[in-house]
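Commentary on secondary and tertiary structure
Residue strings, one per chain:
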Amino acid sequence: MNNWIGKVAVVTGGASGLGYATAHALVVRGMKVAIFDMNTEAGEAAASKLDAHFYSVNVSNASSVSDAMESVSSQLGTPRVIVNCAGIAPAAKTVSRGQPHDAEVFAKTIQVNLIGSFYCASQAANLMVAAEPLDEDGVKGVIINTASVAAYDGQVGQVAYSSSKGGIVGMTLPMARDLADKGVRVCAIAPGLFLTPLLAGMSQEVQDSLAAQVPFPSRLGKPEEYASTVCHIIDNSMLNGEVIRLDGAIRMAPR
(Lines give C-alpha, C1' and ligand atoms only; values in the text may rest on other atoms or scores of the structure.)
Protein backbone atom coordinates (compact mmCIF):
# COMPACT_ATOMS: atom_id res chain seq x y z
CA MET A 1 0.00 0.00 0.00
CA ASN A 2 2.77 2.45 0.89
CA ASN A 3 4.04 2.39 -2.70
CA TRP A 4 0.80 4.00 -3.83
CA ILE A 5 0.54 6.89 -1.37
CA GLY A 6 0.67 10.17 -3.25
CA LYS A 7 0.39 8.44 -6.61
CA VAL A 8 -2.26 9.42 -9.16
CA ALA A 9 -5.38 7.38 -9.89
CA VAL A 10 -8.00 8.07 -12.56
CA VAL A 11 -11.56 6.86 -12.00
CA THR A 12 -14.00 7.17 -14.87
CA GLY A 13 -17.66 7.50 -13.95
CA GLY A 14 -16.38 8.64 -10.56
CA ALA A 15 -19.26 11.00 -9.84
CA SER A 16 -21.61 8.24 -8.67
CA GLY A 17 -22.11 4.55 -7.93
CA LEU A 18 -19.19 2.16 -8.17
CA GLY A 19 -16.92 4.92 -9.44
CA TYR A 20 -17.65 7.23 -6.53
CA ALA A 21 -17.05 4.47 -3.99
CA THR A 22 -13.77 3.65 -5.71
CA ALA A 23 -12.65 7.28 -5.80
CA HIS A 24 -13.42 7.56 -2.09
CA ALA A 25 -11.47 4.41 -1.24
CA LEU A 26 -8.41 5.54 -3.19
CA VAL A 27 -8.44 9.00 -1.60
CA VAL A 28 -8.59 7.37 1.84
CA ARG A 29 -5.53 5.33 0.87
CA GLY A 30 -3.63 8.51 0.17
CA MET A 31 -3.79 8.59 -3.62
CA LYS A 32 -4.41 11.70 -5.70
CA VAL A 33 -7.64 10.94 -7.53
CA ALA A 34 -8.84 12.38 -10.83
CA ILE A 35 -12.54 11.85 -11.52
CA PHE A 36 -13.56 11.62 -15.19
CA ASP A 37 -17.28 12.11 -15.77
CA MET A 38 -19.69 13.80 -18.18
CA ASN A 39 -21.94 15.05 -15.38
CA THR A 40 -20.18 18.29 -14.48
CA GLU A 41 -22.41 19.18 -11.53
CA ALA A 42 -22.16 15.75 -9.91
CA GLY A 43 -18.47 15.45 -10.79
CA GLU A 44 -17.54 18.75 -9.22
CA ALA A 45 -19.61 17.95 -6.13
CA ALA A 46 -17.94 14.56 -5.76
CA ALA A 47 -14.47 16.02 -6.21
CA SER A 48 -15.16 18.69 -3.61
CA LYS A 49 -16.51 16.19 -1.09
CA LEU A 50 -13.67 13.72 -1.59
CA ASP A 51 -10.83 16.21 -2.00
CA ALA A 52 -10.31 14.83 -5.50
CA HIS A 53 -9.96 16.52 -8.90
CA PHE A 54 -12.70 16.64 -11.53
CA TYR A 55 -12.25 16.55 -15.31
CA SER A 56 -15.18 16.77 -17.70
CA VAL A 57 -14.57 13.86 -20.06
CA ASN A 58 -16.52 11.99 -22.71
CA VAL A 59 -14.83 8.58 -22.55
CA SER A 60 -16.25 7.61 -25.94
CA ASN A 61 -14.29 10.43 -27.58
CA ALA A 62 -10.58 9.71 -28.02
CA SER A 63 -9.61 13.38 -28.14
CA SER A 64 -11.53 14.15 -24.95
CA VAL A 65 -9.74 11.30 -23.19
CA SER A 66 -6.34 12.31 -24.55
CA ASP A 67 -6.77 15.94 -23.49
CA ALA A 68 -7.85 14.93 -20.00
CA MET A 69 -4.97 12.46 -19.58
CA GLU A 70 -2.50 15.15 -20.59
CA SER A 71 -4.05 17.55 -18.09
CA VAL A 72 -3.88 14.99 -15.29
CA SER A 73 -0.29 14.15 -16.11
CA SER A 74 0.83 17.78 -16.12
CA GLN A 75 -1.25 18.91 -13.13
CA LEU A 76 -1.14 15.90 -10.81
CA GLY A 77 1.50 13.54 -12.15
CA THR A 78 1.62 10.33 -14.17
CA PRO A 79 -1.48 8.16 -13.66
CA ARG A 80 -0.46 4.91 -11.97
CA VAL A 81 -3.95 3.46 -11.62
CA ILE A 82 -7.00 3.73 -13.84
CA VAL A 83 -10.35 2.25 -12.92
CA ASN A 84 -12.95 2.36 -15.70
CA CYS A 85 -16.45 2.56 -14.22
CA ALA A 86 -18.17 4.81 -16.77
CA GLY A 87 -20.91 3.02 -18.64
CA ILE A 88 -24.50 2.90 -19.84
CA ALA A 89 -27.05 0.09 -19.76
CA PRO A 90 -29.92 0.49 -22.23
CA ALA A 91 -32.47 -2.30 -22.44
CA ALA A 92 -33.76 -3.52 -25.80
CA LYS A 93 -34.36 -6.85 -27.52
CA THR A 94 -32.81 -7.94 -30.80
CA VAL A 95 -36.30 -7.76 -32.34
CA SER A 96 -39.28 -6.25 -30.57
CA ARG A 97 -42.77 -5.46 -31.84
CA GLY A 98 -41.71 -6.00 -35.41
CA GLN A 99 -38.70 -3.72 -35.18
CA PRO A 100 -34.98 -4.56 -35.04
CA HIS A 101 -32.80 -3.30 -32.22
CA ASP A 102 -32.00 0.39 -32.67
CA ALA A 103 -28.62 0.42 -34.42
CA GLU A 104 -27.52 3.71 -32.86
CA VAL A 105 -28.32 2.52 -29.34
CA PHE A 106 -26.31 -0.67 -29.89
CA ALA A 107 -23.37 1.26 -31.34
CA LYS A 108 -23.42 3.85 -28.55
CA THR A 109 -23.38 1.14 -25.89
CA ILE A 110 -20.30 -0.47 -27.45
CA GLN A 111 -18.70 2.95 -27.93
CA VAL A 112 -19.12 4.03 -24.31
CA ASN A 113 -18.66 0.77 -22.41
CA LEU A 114 -16.05 -1.05 -24.48
CA ILE A 115 -14.31 1.44 -26.73
CA GLY A 116 -14.39 4.11 -24.04
CA SER A 117 -12.71 1.75 -21.60
CA PHE A 118 -10.10 0.92 -24.22
CA TYR A 119 -9.39 4.60 -24.94
CA CYS A 120 -8.86 5.35 -21.25
CA ALA A 121 -6.86 2.19 -20.56
CA SER A 122 -4.56 2.46 -23.56
CA GLN A 123 -3.84 6.14 -23.10
CA ALA A 124 -3.18 5.72 -19.38
CA ALA A 125 -0.92 2.76 -20.15
CA ASN A 126 1.07 4.88 -22.58
CA LEU A 127 1.88 7.25 -19.72
CA MET A 128 2.52 4.49 -17.19
CA VAL A 129 5.13 2.64 -19.23
CA ALA A 130 7.40 5.71 -19.30
CA ALA A 131 7.38 5.96 -15.49
CA GLU A 132 9.69 4.41 -12.92
CA PRO A 133 8.76 1.08 -11.29
CA LEU A 134 7.01 1.28 -7.94
CA ASP A 135 8.28 -1.95 -6.37
CA GLU A 136 10.70 -4.85 -6.66
CA ASP A 137 8.37 -6.58 -9.16
CA GLY A 138 8.74 -3.66 -11.53
CA VAL A 139 5.06 -2.66 -11.43
CA LYS A 140 4.54 0.71 -13.08
CA GLY A 141 0.76 0.84 -13.08
CA VAL A 142 -2.52 -1.02 -12.84
CA ILE A 143 -5.53 -0.97 -15.16
CA ILE A 144 -8.90 -2.17 -13.85
CA ASN A 145 -11.88 -2.35 -16.20
CA THR A 146 -15.47 -3.02 -15.22
CA ALA A 147 -17.16 -5.97 -16.89
CA SER A 148 -20.40 -7.50 -15.58
CA VAL A 149 -21.97 -10.88 -14.94
CA ALA A 150 -24.03 -9.94 -18.00
CA ALA A 151 -20.93 -10.77 -20.03
CA TYR A 152 -21.62 -14.42 -19.15
CA ASP A 153 -25.31 -14.50 -18.18
CA GLY A 154 -26.87 -11.82 -20.35
CA GLN A 155 -30.60 -11.53 -19.85
CA VAL A 156 -33.45 -10.77 -22.23
CA GLY A 157 -33.03 -7.18 -23.42
CA GLN A 158 -29.32 -7.02 -22.59
CA VAL A 159 -27.89 -7.85 -26.01
CA ALA A 160 -26.08 -4.52 -26.37
CA TYR A 161 -24.95 -4.28 -22.76
CA SER A 162 -23.80 -7.91 -22.62
CA SER A 163 -21.90 -7.52 -25.87
CA SER A 164 -20.04 -4.50 -24.51
CA LYS A 165 -19.17 -6.24 -21.26
CA GLY A 166 -18.19 -9.43 -23.07
CA GLY A 167 -15.72 -7.27 -24.96
CA ILE A 168 -14.23 -6.11 -21.67
CA VAL A 169 -13.74 -9.73 -20.63
CA GLY A 170 -12.14 -10.60 -23.96
CA MET A 171 -9.84 -7.57 -23.78
CA THR A 172 -8.42 -8.38 -20.35
CA LEU A 173 -5.91 -11.14 -21.07
CA PRO A 174 -4.48 -9.83 -24.35
CA MET A 175 -4.08 -6.36 -22.88
CA ALA A 176 -2.31 -7.86 -19.86
CA ARG A 177 -0.04 -9.79 -22.21
CA ASP A 178 0.62 -6.70 -24.32
CA LEU A 179 1.77 -4.79 -21.24
CA ALA A 180 3.44 -7.59 -19.29
CA ASP A 181 6.97 -6.67 -20.38
CA LYS A 182 6.25 -3.01 -19.65
CA GLY A 183 5.30 -3.35 -15.98
CA VAL A 184 1.57 -2.65 -16.24
CA ARG A 185 -1.00 -5.11 -14.87
CA VAL A 186 -4.55 -5.43 -16.22
CA CYS A 187 -7.59 -6.95 -14.52
CA ALA A 188 -11.36 -6.64 -14.75
CA ILE A 189 -14.13 -6.94 -12.20
CA ALA A 190 -17.48 -8.44 -13.20
CA PRO A 191 -20.04 -7.21 -10.63
CA GLY A 192 -23.38 -8.87 -10.11
CA LEU A 193 -26.36 -7.00 -8.68
CA PHE A 194 -25.04 -3.91 -6.92
CA LEU A 195 -26.85 -1.05 -5.23
CA THR A 196 -25.94 1.57 -7.82
CA PRO A 197 -28.10 4.65 -8.56
CA LEU A 198 -29.94 2.60 -11.22
CA LEU A 199 -31.11 -0.03 -8.72
CA ALA A 200 -31.50 2.46 -5.87
CA GLY A 201 -34.14 4.21 -7.96
CA MET A 202 -36.28 1.07 -8.07
CA SER A 203 -38.96 0.28 -5.50
CA GLN A 204 -38.00 -1.58 -2.33
CA GLU A 205 -40.12 -4.50 -3.53
CA VAL A 206 -38.07 -4.78 -6.74
CA GLN A 207 -34.80 -4.42 -4.81
CA ASP A 208 -35.84 -7.17 -2.41
CA SER A 209 -36.81 -9.42 -5.31
CA LEU A 210 -33.44 -8.93 -6.97
CA ALA A 211 -31.57 -9.45 -3.71
CA ALA A 212 -33.37 -12.76 -3.15
CA GLN A 213 -31.80 -14.07 -6.38
CA VAL A 214 -28.30 -13.82 -4.90
CA PRO A 215 -27.34 -17.17 -3.27
CA PHE A 216 -25.13 -15.71 -0.53
CA PRO A 217 -25.13 -13.16 0.85
CA SER A 218 -28.73 -12.70 -0.28
CA ARG A 219 -28.61 -8.96 -0.77
CA LEU A 220 -27.48 -6.40 -3.30
CA GLY A 221 -23.77 -5.74 -3.42
CA LYS A 222 -22.44 -2.57 -1.83
CA PRO A 223 -20.36 -0.17 -3.95
CA GLU A 224 -17.80 -0.25 -1.14
CA GLU A 225 -17.31 -3.97 -1.80
CA TYR A 226 -16.46 -3.22 -5.41
CA ALA A 227 -14.02 -0.56 -4.23
CA SER A 228 -12.46 -3.02 -1.81
CA THR A 229 -11.82 -5.40 -4.70
CA VAL A 230 -10.17 -2.59 -6.65
CA CYS A 231 -7.86 -1.94 -3.71
CA HIS A 232 -6.93 -5.62 -3.44
CA ILE A 233 -6.09 -5.83 -7.13
CA ILE A 234 -3.85 -2.80 -6.77
CA ASP A 235 -2.04 -4.34 -3.79
CA ASN A 236 -1.69 -7.90 -5.10
CA SER A 237 0.92 -8.03 -7.84
CA MET A 238 0.05 -11.61 -8.80
CA LEU A 239 -3.39 -10.53 -9.97
CA ASN A 240 -2.95 -9.96 -13.68
CA GLY A 241 -4.98 -10.86 -16.76
CA GLU A 242 -7.88 -11.96 -14.54
CA VAL A 243 -11.61 -11.22 -14.57
CA ILE A 244 -13.05 -11.47 -11.06
CA ARG A 245 -16.76 -12.19 -10.65
CA LEU A 246 -18.05 -10.24 -7.66
CA ASP A 247 -21.57 -11.55 -7.47
CA GLY A 248 -22.45 -13.65 -4.40
CA ALA A 249 -22.49 -16.75 -6.66
CA ILE A 250 -25.44 -15.53 -8.72
CA ARG A 251 -26.05 -16.90 -12.20
CA MET A 252 -28.62 -14.74 -13.92
CA ALA A 253 -31.82 -16.28 -15.27
CA PRO A 254 -33.00 -15.40 -18.80
CA ARG A 255 -35.26 -12.68 -17.39
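An account of the accompanying structure is given in this report. Predicted model only: the values in this text are computed from it and were never measured. (Residues numbered from 1 in each chain as written. Predicted model: local features only at pLDDT ≥ 70, side-chain atom pairs only at ≥ 80, totals over all residues. Heavy atoms only, no water.)

**Remarks on the sheet that holds strand E1 (residues 8–12)**
The seven strands are arranged E3-E2-E1-E4-E7-E8-E9 in an open sheet whose pairing can be described as parallel. Every other strand in the sheet has two partners, leaving strand E3 (53–56) and strand E9 (243–246) as the edge strands with one partner each. Taking each pair of neighbouring strands and ignoring which way they run, the sheet shows an average axis angle of 20°. With five bridges joining them, E1 and strand E4 (residues 79–84) adopt parallel strand pairing. Counted as the bridge partner of Val 11 is Val 83 from E4. Against the sheet, helix H2 (residues 40–50) engages strand E2 (32–37) and E3, with an angle of about 165° to E3. Of the strands in this sheet, E1, E4, strand E7 (141–146) and strand E8 (184–191) touch helix H4 (residues 103–128), which is tilted by about 170° from E4. (Pairing = 2+ DSSP bridges. Helix = DSSP H or I, 4+ residues; strand = E, 2+ residues; numbered from the N terminus. Axes fitted to C-alpha atoms, helices over the stretch in contact; angles between N-to-C directions. Contact = heavy atoms within 4.5 Å.)

**A few points about the packing of aromatic side chains**
Throughout the structure, instances matching the rule amount to one aromatic pair. For the ring pair Phe 36 and Tyr 55, a centre distance of 5.9 Å and an interplane angle of 65° mean the geometry is edge-to-face. In this pair, Phe 36 sits in strand E2 while Tyr 55 sits in strand E3, placing the two residues 19 residues apart along the sequence. Both residues of the pair, Phe 36 and Tyr 55, count as buried. (Phe/Tyr/Trp six-rings, centres within 6.5 Å; stacked < 30°, edge-to-face > 60°. Buried < 20%, exposed > 50% of the residue type's maximum accessible area, 1.4 Å probe, protein only.)

**Quick word on the environment of Ala 68**
Among the secondary structure elements, Ala 68 is positioned in helix H3 (residues 62–75). Under the relative-accessibility criterion, Ala 68 is labelled buried at 6%. Separated by 13 residues in sequence, Ala 68 and Tyr 55 have C-alpha atoms that sit 6.6 Å apart. Look past the residues within four positions of Ala 68 in its chain and what remains in contact with it is Phe 36 and Val 57.

**Some words on helix H6 (residues 159–179)**
Compared with the 30 Å implied by 1.5 Å per residue over 21 residues, the 30 Å span of H6 between its first and last C-alpha is a close match. Taken together, the buried positions of H6 are Ala 160, Tyr 161, Ser 162, Ser 164, Lys 165, Gly 167, Ile 168, Met 171, Thr 172, Met 175, Ala 176 and Leu 179. In the core, the buried residues of H6 are packed alongside H4, E7, helix H5 (150–153), E8 and E9. (Expected span 1.5 Å × (residues − 1).)

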